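# Topology and contacts: notes
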Amino acid sequence: MITYLANIGSFFLYFISASLLTMAYVGVYTKVTPHDEWELIKKNITAAALAFSGSLLGFIIPLASLIIHAVNLMDLFLWGIVALLVQLLTFKAISHIMPCISERLANNEMAAGIWLAAASVGAGTITAACLTY
């Protein structure tokens, strides 16, 4: 039992760090996008909830890879910022491919929500694979 508990401090350090990075991601992403994810979700706009969930997963997948591969907490935070930037760039790219994405999400157009979610998860998965150093 002592052997298992020996790493509990590292577990909590990385768990709290990942939680803080995730909260920072949510804060930045919701400020950068032109639509208000929280308001749309409160209005039960499924397309917006799906898109936002895909974006969040697209950030968390690389974050999980970072927890596995990071050499220290600074490494986790620096590459976590890169993962955040990848998701912001993904939104920007999808905005160019699919003009008026924010309005489409607000109108609960499921195709737009699914496409943004898939692109976000895809970008996050590729980011996670690139972080295996």
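With an unreviewed UniProt entry as reference, the chain is termed DUF350 domain-containing protein, source organism Spartinivicinus poritis. Within the UniProt record for the chain, the comment given under Sequence similarities (unreviewed entry) is "Belongs to the UPF0719 family."

## Some details on the pattern of salt bridges
For the structure shown, the criterion picks out 1 salt bridge. Put simply, Arg104 and Glu109 hold a salt bridge, and the shortest N to O gap is 2.6 Å. Residue classification places Glu109 among the partly exposed residues on the basis of a relative accessible area of 30%.

## Overview of the packing of aromatic side chains
Enumeration over the complete set of coordinates arrives at 7 aromatic pairs. Aromatic side chains Tyr29 and Phe52 sit 6.0 Å apart centroid to centroid with 25 degrees between the ring planes, which places their arrangement in the stacked category. Linking Tyr29 in helix H2 (residues 8-32) with Phe52 in helix H4 (residues 46-69), this pair joins segments that are 23 residues apart in sequence. In terms of burial, Tyr29 and Phe52 fall into one category: buried. Ring geometry for Trp38 and Phe52: centres 5.3 Å apart, planes at 80 degrees, overall edge-to-face. Taken together, the positions of Trp38 in helix H3 (residues 37-42) and Phe52 in helix H4 put the pair 14 residues apart, joining distant regions of the chain. Ring pairing ties together the aromatic residues Tyr25, Tyr29, Trp38, Phe52, Phe59 and Phe91, which thus form one cluster.

## Here's the deal with helix H5 (residues 73-97)
Given 3.6 residues to a turn, an α-helix orients residues that are three or four positions apart in the same direction. Its 25 residues give H5 an end-to-end C-alpha distance of 36 Å, which sits within 8% of 36 Å, the value for a rise of 1.5 Å per residue. Among the residues of H5, those classed as buried are Asp75, Leu76, Gly80, Ala83, Leu84, Gln87, Leu88, Thr90, Phe91 and Ile94. The distance from a side-chain oxygen at the start of H5 to the backbone nitrogen of Met74 is 3.1 Å, and the residue carrying that oxygen is Asn72.

## Quick notes on the nonpolar core
Counting 29 residues, the largest nonpolar core has Tyr29, Phe59, Leu63, Leu76, Ile101, Leu105 and Leu116 as its most contacted members. Elements with a contribution of two residues or more to this core: H2, H4, H5, helix H6 (101-106) and helix H7 (110-130). When residues in this core are grouped by element, the largest group, 7 residues, is from H4. With sequence-adjacent residues up to four places away left out, Tyr29 is seen in contact with Glu37, Phe52, Ser55, Gln87, Leu88, Phe91 and Leu116.

## What to know about the side chain of Thr90
Mapping Thr90 onto the fold places it in helix H5. If we ignore the near neighbours within four places in the chain, the residues touching Thr90 are Ala119, Ser120 and Ala123.

## Comments concerning unusual backbone geometry
A positive phi angle, close to 65 degrees, is found at Cys100, a residue other than glycine. Counting through the fold element by element, Cys100 comes out in the loop between H5 and H6. The backbone phi angle of Asn108 is positive, close to 60 degrees, even though this residue is not glycine. For Asn108, the position within the fold is in the loop between H6 and H7. A relative accessible area of 30% means that Asn108 is categorised as partly exposed.

Thresholds applied
- Residues numbered from 1 in each chain as written.
- Predicted model: local features only at pLDDT ≥ 70, side-chain atom pairs only at ≥ 80, totals over all residues.
- Heavy atoms only, no water.
- UniProt positions renumbered as here; feature names shortened; annotations may be inferred.
- Salt bridge = Lys/Arg side-chain N within 4 Å of Asp/Glu carboxyl O.
- Buried < 20%, exposed > 50% of the residue type's maximum accessible area, 1.4 Å probe, protein only.
- Phe/Tyr/Trp six-rings, centres within 6.5 Å; stacked < 30°, edge-to-face > 60°.
- Helix = DSSP H or I, 4+ residues; strand = E, 2+ residues; numbered from the N terminus.
- Expected span 1.5 Å × (residues − 1).
- Polar contact = N/O pair within 3.5 Å; in protein donor to acceptor, adjacent residues only side chain to side chain.
- Core = buried A, V, L, I, M, F, W, Y, C linked by side-chain atoms within 4.5 Å.
- Contact = heavy atoms within 4.5 Å.

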